[in-house]
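# Fold and geometry: a report
Chain by chain, the residues:
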Amino acid sequence: LIKQYEEVVEELAKTRRDSEFKNPDESLAEHLLIAYVYGLIELRLQKSLLFRFNEVANDELRGHVIEYTGSSLLDSQSGVGERGIERLKEFWEWRLQQIKTEPRDHVQETSQFGWWFISNKLDYEWRLNKLMAVLELNPYIEPDFLVIEALRPMVKYSPVDVINCLQIIVESDK
């Protein structure tokens, strides 16, 4: 199955699909991240499927996988387990390192981190820390109203960080 995934990932660089049906590129992206979360593929290998996917996928497709993963975390039936959560954190930290080199090429990807942020399956300190890092790169976050709502209970633990995040979000809406 790895060979088939490798071939489809390579096709991403060659084709762009427009359709009213489920986008197969989006399905591929979802499958790759699920496979990574469950330990079926690795991240840091130069030749890994996920590495190559992030090289050839456009910002919109990378943004889709971030949104999909975050909304999946919101689903109370989503049982990725403790190891899966750690792998997701590792994935996002890896993505942030890549994104920092050219933040303007990752606007959709970074803006969709809000879906991860509003999930309570990730600890609040990690979420707040990564939200601050994302907002420094891109002041636009989705879904902004839910991110603002999720920041509210954090104010008692990290008031300065919460206020800084809110200020960036509000100012970006001007």
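That block above? That's the structure.
A few points on the structure. Everything numeric in this text was worked out from a predicted model, so none of it was measured. (Residues numbered from 1 in each chain as written. Predicted model: local features only at pLDDT ≥ 70, side-chain atom pairs only at ≥ 80, totals over all residues. Heavy atoms only, no water.)

Moving on to the overall build of the protein chain. Within the protein chain, the regular secondary structure consists of ten helices and zero strands. Put simply, the protein chain runs from its N terminus to its C terminus through helices and strands in the order α-α-α-α-α-α-α-α-α-α. Viewed in the frame of its principal axes, the protein chain has a C-alpha envelope of about 50 × 35 × 30 Å. Counting over 174 residues, the protein chain shows a buried share of 45%. Considering only contacts within the protein chain whose residues lie at least 6 apart along the sequence, 68% involve residues at least 24 apart. Here the protein chain displays about 9800 Å² of accessible surface, and carbon together with sulfur accounts for 51% of that area. Of note, the protein chain has its 21 positive side-chain charges centred 4 Å away from the centre of its 31 negative side-chain charges. (Helix = DSSP H or I, 4+ residues; strand = E, 2+ residues; numbered from the N terminus. Buried < 20%, exposed > 50% of the residue type's maximum accessible area, 1.4 Å probe, protein only. Contact = heavy atoms within 4.5 Å. Areas by Shrake-Rupley, 256 points an atom, 1.4 Å probe, with all protein chains shown as cover. Lys, Arg positive; Asp, Glu negative; His and termini not counted. Charge placed at Lys NZ, Arg CZ, Asp CG, Glu CD.)

In this model helix H5 (residues 81-99) runs 27 Å from its N-terminal to its C-terminal C-alpha over 19 residues, within 8% of the 27 Å that 1.5 Å per residue would give. Packed against the buried residues of H5 are helix H2 (24-37), helix H3 (49-56), helix H4 (59-74), helix H6 (107-111), helix H7 (114-117) and helix H8 (124-137). (Expected span 1.5 Å × (residues − 1).)

In this structure the tally under the stated criterion is ten salt bridges. Residue arginine 52 pairs with glutamate 10 through a salt bridge whose shortest N-O separation is 2.8 Å. Of this pair, arginine 52 sits in helix H3 while glutamate 10 sits in helix H1 (residues 2-12), and the two are 42 residues apart along the sequence. The partner of lysine 89 in a salt bridge is glutamate 86, and the shortest N-O contact between them spans 3.7 Å. Residue lysine 89 and its partner glutamate 86 are both found in helix H5; the two are separated by three residues, about one turn of the helix. Its relative accessible area of 11% is what places lysine 89 among the buried residues. Look at the salt bridges and you will find they share partners, linking Asp59, Arg62, Arg95 and Glu109 into a network. (Salt bridge = Lys/Arg side-chain N within 4 Å of Asp/Glu carboxyl O.)

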